[in-house]
Amino acid sequence: MAAHLSYGKVNLNILREAARKDLREFLDKCAGSKAIVWDEYLTGPFGLIAQYSLLKEHEVEKMFTLKSGRLPAADVKNIIFFVRPRLELMDIIAENVSSEDKTRSPQDFHILFVPRRSMLCEQRLKEQNVLGSFINIDEYILDLIPYDGDLLSMEYESAFRECYLENDQTSLYHTAKGLMTLQALYGTIPQIYGKGECARHVANMMLRMKREFAGSQNQILPVFDTLLLLDRNVDLLTPLATQLTYEGLIDEIYGINNGYVKLPPEKFAQKKQGETSKDLPTEPKKLQLNSAEELYAEIRDKNFNAVGAALSKKAKIISAAFEERHNAKTVGEIKQFVSQLPHMQAARSSLANHTSVAELIKDITTSEAFFDNLTVEQEFMTGVDTDKVNTYIEDCIAQKDPLIKIVRLVCMQSVCNNGLKQKVLDYYKREILQTYGYEHILTLNNLEKGGLLKPQTSSRNNYPTIRKTLKLWMEDANEQNPNDISYVYSGYAPLSIRLTQVLARPGWRSIEEVLKMLPGPHFEERQQLPAGLHKKRQQGENRTTLVFFLGGVTYAEIAALRFLSQMEDSGMEYIIATTKLINGTTWIKTIMDRPESQMS
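Residues numbered from 1 in each chain as written. Predicted model: local features only at pLDDT ≥ 70, side-chain atom pairs only at ≥ 80, totals over all residues. Heavy atoms only, no water.

Points about the sheet that holds strand β11 (residues 260-263)
Step number 1: Pairing in this open sheet of three strands is antiparallel, and the strands run β10-β11-β12 from one edge to the other. In this open sheet, the two strands that pair with only one neighbour each are β10 (256-257) and β12 (285-288).
Step number 2: As paired elements, β10 and β11 share two bridges and run antiparallel to each other. Among the inter-strand pairings, N257 is bridged to a residue of β11, identified as Y260. (Pairing = 2+ DSSP bridges. Helix = DSSP H or I, 4+ residues; strand = E, 2+ residues; numbered from the N terminus.)

Following this line, the structure appears as structure tokens:
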């Protein structure tokens, strides 16, 4: 199941195995049959660590979703609540426990907090008079979850909001703890670089934690050479832009959750003769997306305009392989063909799926609406008319297009202009409030607090200087055979990844001036290694950098880092970690107040 986690330069399966071991140990603490009551948000991340089979081996017989009211009847000895430390969930648990039928044989209750225990939550359970009902109250430290062979995520969706709007550093503490766990498994990371306030906090916490454990020296040969911590607010532009890689577009249009995407079923149905459209499936088609699937690993990071050619090339290879059967004459040859058959059939079904997905995406990317939106984004990125009210945005508001689309464009204009002139900003705010409702004043306030939508304070706009110095816009980006990371947005090179690229060579000293224009401090720390653990680098061996995005990362940025890892002369391999995998829509939703009511 998780073989693809061990293919890369760093074997991330070690991390997954450590998490599985802790889970087994906790389940064995609760002797006898068990039912798990899940905080629904945790089921996706847990699915990447342990399948139902592992739970079953440890006597888990039933699973329920946490909801108010009475628990469903379950003839088991133990009931275990797997929950995040949230006060509102404690109220539901209290209701579940206190409404339990006292006449039935008594059951043992346990709580497992993920990723940390919380005194506040225990206090709330005490107030509700149910704290005494729990035999075990424990924590399951699941910080960094391996999503792919080079990708880790905490799936902590409120991290950006907490850090930049609420001044709450909980997620930074979890990040530092997660990085300590990583170093316990993969060795101390000798060099730490960072940019941004949050990056500074995380580095300080890590160094403090290391001092606290000073007695126990880590004797593992370091796997990572460098850790780069990047604040999301150093580069607010990238997640606002529409991603143009295959995986990025799947996420923008359909949303990828915990490695799965749900798609409209009609494209995937094999229509048999005489079948009416009534017989077609109505359930969404669920596809798993990771590098375990050969074809997906090959096309996920390509610009969407290069995907069609890649799929037709693959189709030719597969049909040629099937044609081979006519040439198999001897028993040995036939046997060899038959042994390859399962692999070939899997490749054919994978090709059929991705051809259907590509068709679904193409219907959208070839539409006029998509093209118009992209044109305006690219005008902003290149600094065209960013200081006045944009007529396209006006039209979209007049047509009452989805609010998130409007917000993404207005914020993009603000970021590319280092803030908007007061009268332009007031005009946009007034239009949005009059069209979508005055309750959105809270959202506009949050966007301003987070630095996405702000009035221009100084007359000088730094963005053009940053764009030119870091070559953020490349004319004629080669989408088919890229030679630069800008292919992921068809011309725009993500600022976050340019910073990563420059750090590797020639180093940040070459861009001191630009770094000062970006928010937050930049710094470098070194961690002492015990004697004898210094790497002897082989000739031509690549260095390994862990890039940690605090506040979220997009699939297009991940594609750009993979592109840098594969470049012949880069001499660097990148492993990516983040608080959350995001796209512009999911990210803006976490900043909004009551986003459910804002989707209309």
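Side note on helix α5 (residues 119-127)
Step number 1: Within α5, burial applies to C121, E122 and L125. Buried residues of α5, seen end-on, are gathered within an arc of 100° and therefore sit on one face of the element. Of the exposed residues in α5, those oriented more than 90 degrees away from the buried face are M119, L120, K126 and E127.
Step number 2: Those residues of α5 that are buried lie in contact with α4 (87-98), β4 (108-113) and β5 (134-139). (Buried < 20%, exposed > 50% of the residue type's maximum accessible area, 1.4 Å probe, protein only. Arc of directions from axis to C-beta. Contact = heavy atoms within 4.5 Å.)

Quick notes on the packing of helix α12 (residues 307-323) against helix α13 (residues 331-365)
Step number 1: As a packed pair, α12 and α13 sit with axes 10 Å apart at the nearest point and diverge in direction by 155°. One way to sum up the angle between α12 and α13 is to call them roughly antiparallel. Like other packed secondary-structure pairs, α12 and α13 cross with a definite hand, here left-handed. Mapping the contact onto sequence places L311, K314, A315, I318, A321 and F322 in α12 and F337, L341, M344, Q345, A347, R348, L351, H354, T355 and A358 in α13.
Step number 2: Grouping the amino acids of the contact of α12 with α13 by side-chain chemistry returns 11 nonpolar, three polar and two charged. (Axes fitted to C-alpha atoms, helices over the stretch in contact; angles between N-to-C directions. Parallel < 35°, antiparallel > 145°, perpendicular 65-115°, else oblique. Left-handed = near helix turned anticlockwise from the far one by under 90°. Nonpolar A, V, L, I, M, F, W, Y, C, P; charged D, E, K, R; others polar.)

Considerations on the sheet that holds strand β3 (residues 78-83)
Step number 1: Read from one edge of the open sheet, five strands run β2-β1-β3-β4-β5, paired in parallel fashion. At either end of the open sheet lies a strand with only one pairing partner, and these are β2 (60-65) and β5. Going across the sheet, the axis of each strand differs from the next one's by a mean of 20°, ignoring polarity.
Step number 2: Helix α2 (residues 40-49) contacts β1 (34-38), β2 and β3 of the sheet and is inclined by roughly 110° relative to β1.

A look at the pattern of salt bridges
Step number 1: Going through the model one piece at a time under the given rule, you end up with 30 salt bridges.
Step number 2: Here E448 and K429 are joined by a salt bridge, their closest N and O atoms 2.7 Å apart. With E448 in helix α18 (residues 441-449) and K429 in helix α17 (residues 422-436), this residue pair connects regions lying 19 residues apart in the sequence.
Step number 3: The exposure class assigned to K429 is partly exposed, which follows from its relative accessible area of 23%.
Step number 4: One connected set of salt bridges, linked through shared partners, spans D148, D150, E247, R300, D301 and R562. (Salt bridge = Lys/Arg side-chain N within 4 Å of Asp/Glu carboxyl O.)

Quick look at the nonpolar core
Step number 1: Counting 168 residues, the largest nonpolar core has F82, L229 and L499 as the members making the most contacts within it.
Step number 2: The element that contributes the greatest number of residues to this core is helix α16 (residues 403-416), accounting for 10 residues.
Step number 3: Those residues in contact with L229, other than ones at most four positions away along the chain, are L179, I192, Y193, G194, K195, A199, V202, A203, F548 and L550.
Step number 4: Of all hydrophobic cores here, the second largest spans 23 residues; its members include F64, I79, I93 and A94. (Core = buried A, V, L, I, M, F, W, Y, C linked by side-chain atoms within 4.5 Å.)

Observations regarding the side chain of R408
Step number 1: Considering the arrangement of structural elements, one finds R408 in helix α16.
Step number 2: What makes R408 buried here is its relative accessible area of 9%.
Step number 3: Sequence-distant contacts of R408, that is, excluding residues within four places in its chain, are made with P239, L240, A241, T242, E252, G584, T585 and I588.

Observations regarding empty space enclosed by the protein
Step number 1: Under the counting rule described, the total for this entry stands at five cavities of 30 Å³ or more.
Step number 2: In this structure, the largest cavity encloses a volume near 90 Å³.
Step number 3: Contributing to the lining of the largest cavity are 13 residues, with H4, L48, Y147, Q288 and N290 lying nearest its centre.
Step number 4: Split by residue class, the lining of the largest cavity holds seven nonpolar, five polar and one charged.
Step number 5: Taken as a whole, the second largest cavity spans an internal volume of roughly 70 Å³.
Step number 6: Tallied by class, residues from the lining of the second largest cavity come to six nonpolar, one polar and three charged. (1 Å grid on protein atoms, 1.4 Å probe; cavity = no way out; pocket = protein on both sides within 12 Å on 5 of 7 lines; lining within 4 Å. Points joined across faces, edges and corners; volume = space filled by probe spheres on them.)

Remarks on the pairing of β11
Step number 1: Of the two faces of β11, the one lined by V261 and L263 is fully buried and the one lined by Y260 and K262 carries no buried residue.
Step number 2: Between the end of β10 and the start of β11, which pair antiparallel, lie two residues, with N258 showing a positive phi angle near 50°.

A few points about helix α22 (residues 555-566)
Step number 1: The end-to-end C-alpha distance of α22, which contains 12 residues, comes to 16 Å, matching closely the 16 Å that a straight helix rising 1.5 Å per residue would cover.
Step number 2: In terms of burial, α22 is a largely internal element, 11 of the 12 residues being buried.
Step number 3: Those residues of α22 that sit buried are Y555, A556, E557, I558, A559, A560, L561, R562, F563, L564 and S565. (Expected span 1.5 Å × (residues − 1).)

Points about the environment of K302
Step number 1: The topology assignment puts K302 in the loop between α11 (294-299) and α12.
Step number 2: C-alpha of K302 to C-alpha of E479: the two residues are 177 residues apart in sequence and 7.8 Å apart in space.
Step number 3: When sequence neighbours within four positions are dropped, the list of residues in contact with K302 reads L244, T245, Y246, V307, A310 and Y487.

Notes on the state of the cysteines
Step number 1: Summed over the entire model, instances satisfying the criterion amount to zero disulfides.
Step number 2: Among the cysteines around C411, which has no disulfide bond, C416 carries the closest sulfur, lying 11 Å off.
Step number 3: The exposure class of C416 is buried, given its relative accessible area of 1%. (Disulfide = S-S within 2.5 Å.)

A few points about the packing of helix α20 (residues 495-504) against α22
Step number 1: Here α20 crosses α22 at 25°, and the two axes come no closer than 9 Å. Taken together, the axes of α20 and α22 are roughly parallel relative to one another. Two packed elements cross with a definite hand, and for α20 against α22 that hand is right-handed. Residues S496, I497, T500 and Q501 of α20 form the contact with α22, whose participating residues are E557, A560, L561 and L564.
Step number 2: Split into classes, the residues belonging to the contact of α20 with α22 amount to four nonpolar, three polar and one charged.

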